[in-house]
Amino acid sequence: MKETLAESDALVDELLAADLIVAGVPMYNFNVPAQFKAYIDNIVRVGRTFGFDRLRVGEPYWPLLAESGKKLVILSSRGDHGYARGERLEHMNHVEPSIRTAFGYIGITDVESVAIEYDEFADERLKTSIAMAERQVDVFVDRLLREWSTREPGAPEPSLAMAR
Ligand SMILES: Cc1cc2nc3c(=O)[nH]c(=O)nc-3n(C[C@H](O)[C@H](O)[C@H](O)COP(=O)(O)O)c2cc1C
């Protein structure tokens, strides 16, 4: 069992050590690719990222990473367009919602998401979408650097995990 869990242990260790998690997740058939689902299945771990006690009244499951200050950034891309909030295909987008649910379950609720659309059209709309996403990333990074530059004196350097 220990051998089987070694990869999951390593992914959980990486997650626990990270202040910022950057997840590159394209949309495959309205959801996350199978590889990313496997990543989630490896890091949602009883006793390591969430607690479980069947005798606990009311709420037998609880997040272990709540108030850890970790941030998640979801960088996504889609072939079609209209999957954002309030748009025509929002109800078919199970990428960001499922990631937010799984990470929220283990206590990571500070989530930023940026997506590129029109990948399959490869026209001006794709270029505009990429430019808008890059601007969003720049604004986010500026905010993050401001936050990190004002952290407590002597606090450890922020660290990063990348998942794809
Ligand atoms: C197997 C597969 C399924 C896809 N499903 C969707 C989809 O449901 N909706 C969509 O808008 N684009 C879909 N696409 C397009 C991709 O989301 C888009 O091209 C993305 O940028 C691909 O990223 P990648 O090159 O990193 O795989 C799909 C692409 C592949 C290969």
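Just so we're clear, the structure is a prediction, and the values are computed from it rather than from any experiment. Residue positions are given per chain, counted from 1 along the sequence in the order it is written. Two thresholds apply to this predicted model, a pLDDT of at least 70 for residue-level local features and 80 or more for giving and counting side-chain atom pairs, whereas whole-chain, interface and lining totals are computed over all residues. Excluded from the side-chain calculations are hydrogens and water; all other atoms, namely the structure's heavy atoms, are used.

Enquirer: Explain unusual backbone geometry to me, using residue names and the numbers behind them.
Expert: Within the chain, Tyr 118 stands out as a residue other than glycine whose phi angle is a positive 70°. Helix and strand assignments follow DSSP, with helices taken as H or I runs no shorter than four residues and strands as E runs no shorter than two, numbered in order from the N terminus. On the secondary structure map, Tyr 118 appears in the loop between β5 (110–116) and α4 (124–149). Backbone geometry at Ala 122 places phi at a positive 50°, although glycine is not the residue there. With respect to the element layout, Ala 122 can be found in the loop between β5 and α4. Relative accessibility thresholds used throughout: buried, under 20% of the residue-type maximum; exposed, over 50%; partly exposed, between the two (1.4 Å probe, protein chains only). Among the residues examined, Ala 122 registers a relative accessible area of 60% and is labelled exposed.

Enquirer: So what's going on with the side chain of Glu 117? Residues and values would help.
Expert: Relative to the helices and strands, Glu 117 is located in the loop between β5 and α4. With residues up to four places along the chain from it excluded, the contact list for Glu 117 reads Arg 78, Asp 80, His 81, Gly 82, Tyr 83, Ala 84, Glu 87, Leu 126 and Ser 129. In what follows, a contact means two residues having at least one pair of non-hydrogen atoms within 4.5 Å.

Enquirer: Describe helix α3 (residues 95–106), naming the residues involved and giving the relevant values.
Expert: The end-to-end C-alpha distance of α3, which contains twelve residues, comes to 17 Å, matching closely the 16 Å that a straight helix rising 1.5 Å per residue would cover. Of the residues making up α3, those classed as buried are Val 95, Glu 96, Ile 99, Ala 102, Phe 103 and Ile 106. Along the axis of α3, the buried residues cluster in a sector spanning 135°; they form a single face. Phi turns positive, to about 105°, at Gly 107, one or two residues after α3. For a helix, the expected span equals 1.5 Å multiplied by the number of residues minus one. To be clear, the arc concerns the directions from the helix axis to the C-beta atoms.

Enquirer: Please provide a residue-by-residue account of the nonpolar core, values included.
Expert: Here, nonpolar core refers to any group of buried Ala, Val, Leu, Ile, Met, Phe, Trp, Tyr and Cys residues whose side-chain atoms link them within 4.5 Å. Counting residues in each nonpolar core, the largest one holds 26 residues, and the members touching the most others are Leu 15, Leu 72, Ile 99 and Phe 103. Sorting the residues of this core by element identifies α1 (6–17), β1 (20–26), α2 (34–43), β4 (71–77) and α3 as the ones contributing at least two each. Looking at this core element by element, the count peaks at five residues for α3. Look past the residues within four positions of Leu 72 in its chain and what remains in contact with it is Ile 21, Ala 23, Ile 99, Phe 103, Ile 108, Asp 110, Val 111 and Glu 112. Grouped together as the second largest cluster of nonpolar side chains are five residues, Leu 20, Val 22, Val 73 and Phe 140 included.

Enquirer: Before we move on, can you summarise the packing of α1 against α2 with the specific residues and values?
Expert: Helix-helix packing: each pair is described by the crossing angle between the helix axes and the interaxial distance. Axes, fitted as lines to C-alpha atoms, cover a helix only where it is in contact. Angles between the N-to-C directions of the axes lie from 0 to 180 degrees. Running from amino to carboxyl end, α1 crosses α2 at an angle of 80°, the nearest separation of the two axes being 8 Å. As far as their axial angle goes, α2 and α1 are roughly perpendicular. Touching Ser 8, Leu 11, Val 12 and Leu 15 of α1 are Tyr 39, Asn 42 and Ile 43, all from α2. The residue classification treats Ala, Val, Leu, Ile, Met, Phe, Trp, Tyr, Cys and Pro as nonpolar and Asp, Glu, Lys and Arg as charged. All others, Gly included, are polar. Grouping the constituent residues of the contact of α1 with α2 by class yields five nonpolar, two polar and no charged. Our angle categories are set so that under 35 degrees counts as roughly parallel, over 145 as roughly antiparallel, 65 to 115 as roughly perpendicular, and the remainder as oblique.

Enquirer: Tell me what's going on with the side chain of Ser 8, and back it up with residues and numbers.
Expert: The residue Ser 8 is located in helix α1 in this model. In this structure Ser 8 touches Asn 42 and Arg 45, once residues within four positions along its chain are discounted.

Enquirer: Which residues make up the pairing of β4, and what values do they have?
Expert: Within β4, five of the seven residues are buried, which leaves it mostly tucked inside the rest of the structure. A strand pair is defined by DSSP finding two or more bridges across the two strands. The pairing of β1 with β4 spans seven bridges and is parallel. By the bridge assignment, Ile 21 is partnered in β4 with Leu 72. In terms of strand pairing, β4 meets β5 through seven bridges, oriented parallel. Bridge pairing links Ile 74 to Ser 113 in β5.

Enquirer: An account of α4 is requested, with residue identities and associated values reported.
Expert: In a regular helix each residue adds 1.5 Å, so 26 residues correspond to 38 Å; α4 covers 37 Å between its end C-alpha atoms and thus fits that length. Buried within α4 are the following residues: Leu 126, Ser 129, Ala 133, Phe 140 and Leu 144. Of the surrounding secondary structure, the elements contacted by the buried residues of α4 are β1, β4 and β5.

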